[in-house]
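# Report on the structure
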Amino acid sequence: MKDQLTMQSTLLTTPSQYQNTSQELAMTIAQSADDRKGDNIVILRVGEVSYLADYFVIVTGFSRIQVRAIQTWIEQEVEKFCQRLPIRTSGKADSSWILQDYGDVMVHIMLPQERELYNLEAFWGHAEKLEFHSQQPQS
């Protein structure tokens, strides 16, 4: 019994472990979007400048069908590799801008017109931008 009381819990994480988990989730999301040919994938670390999330992943899809396909693939891959589902998903009916909220990571999948109009990168320009390199061949 005494050994059980002195053992550290595996359920508790330090802030740095939590940050790594959030970053790994953001990278998994970005890679999943890249798998479905999402374009101009940007990862912003917004946790230092906002309470909304730790990371934003912003992706362009070139049709409503592609935007939905990217959203669906992200959801499947994150469930498979991270055992997580989004808390909520909005915008699926119109599919010009789908938002997936994973709590610590928010995913914005947008048509080019919406991305240009709302310009989230400029709005969150003071957030740190993480490196992500597409695995898709450049044409």
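Let us look at the structure shown here. (Residues numbered from 1 in each chain as written. Predicted model: local features only at pLDDT ≥ 70, side-chain atom pairs only at ≥ 80, totals over all residues. Heavy atoms only, no water.)

## A closer look at the pattern of salt bridges
When the charged atoms of two side chains lie near each other, side chains of opposite charge can form a pair. With the rule as written, the count across this model stands at six salt bridges. The salt bridge involving Asp94 is made with Arg64; its shortest N-O contact spans 3.0 Å. Linking Asp94 in the loop between strand E3 (88–90) and strand E4 (97–101) with Arg64 in helix H3 (residues 64–82), this pair joins segments that are 30 residues apart in sequence. Here Glu121 ties to Arg115 by a salt bridge, and the two come within 2.3 Å at their closest N and O atoms. (Salt bridge = Lys/Arg side-chain N within 4 Å of Asp/Glu carboxyl O. Helix = DSSP H or I, 4+ residues; strand = E, 2+ residues; numbered from the N terminus.)

## Digging into unusual backbone geometry
Negative phi is the rule for most residues except glycine; trans is the rule for most peptide bonds. Of note in the backbone geometry, Asn40 takes a positive phi value of approximately 50° without being a glycine. The exposure class assigned to Asn40 is partly exposed, which follows from its relative accessible area of 46%. Even without being glycine, Ser95 reaches a positive phi, approximately 60°. Mapping Ser95 onto the fold places it in the loop between E3 and E4. (Buried < 20%, exposed > 50% of the residue type's maximum accessible area, 1.4 Å probe, protein only.)

## Quick look at the packing of aromatic side chains
For the structure on display, the rule yields three aromatic pairs. A ring pair is formed by Phe56 and Trp124, whose centres lie 5.3 Å apart and whose planes are at 85°; its orientation type is edge-to-face. Separated by 68 residues along the polypeptide, Phe56 in strand E2 (residues 55–60) and Trp124 in the loop between helix H5 (120–123) and strand E6 (128–130) bring together distant segments of the chain. By relative accessible area, Phe56 is classed as buried at 3%. One aromatic cluster in this structure is built from Phe56, Phe123 and Trp124. Of note, Arg36 hangs over the ring of Trp73, and the distance from its end group to the ring centre comes to 3.8 Å. (Phe/Tyr/Trp six-rings, centres within 6.5 Å; stacked < 30°, edge-to-face > 60°. Lys NZ or Arg CZ within 6 Å of the ring centre and 35° of its normal.)

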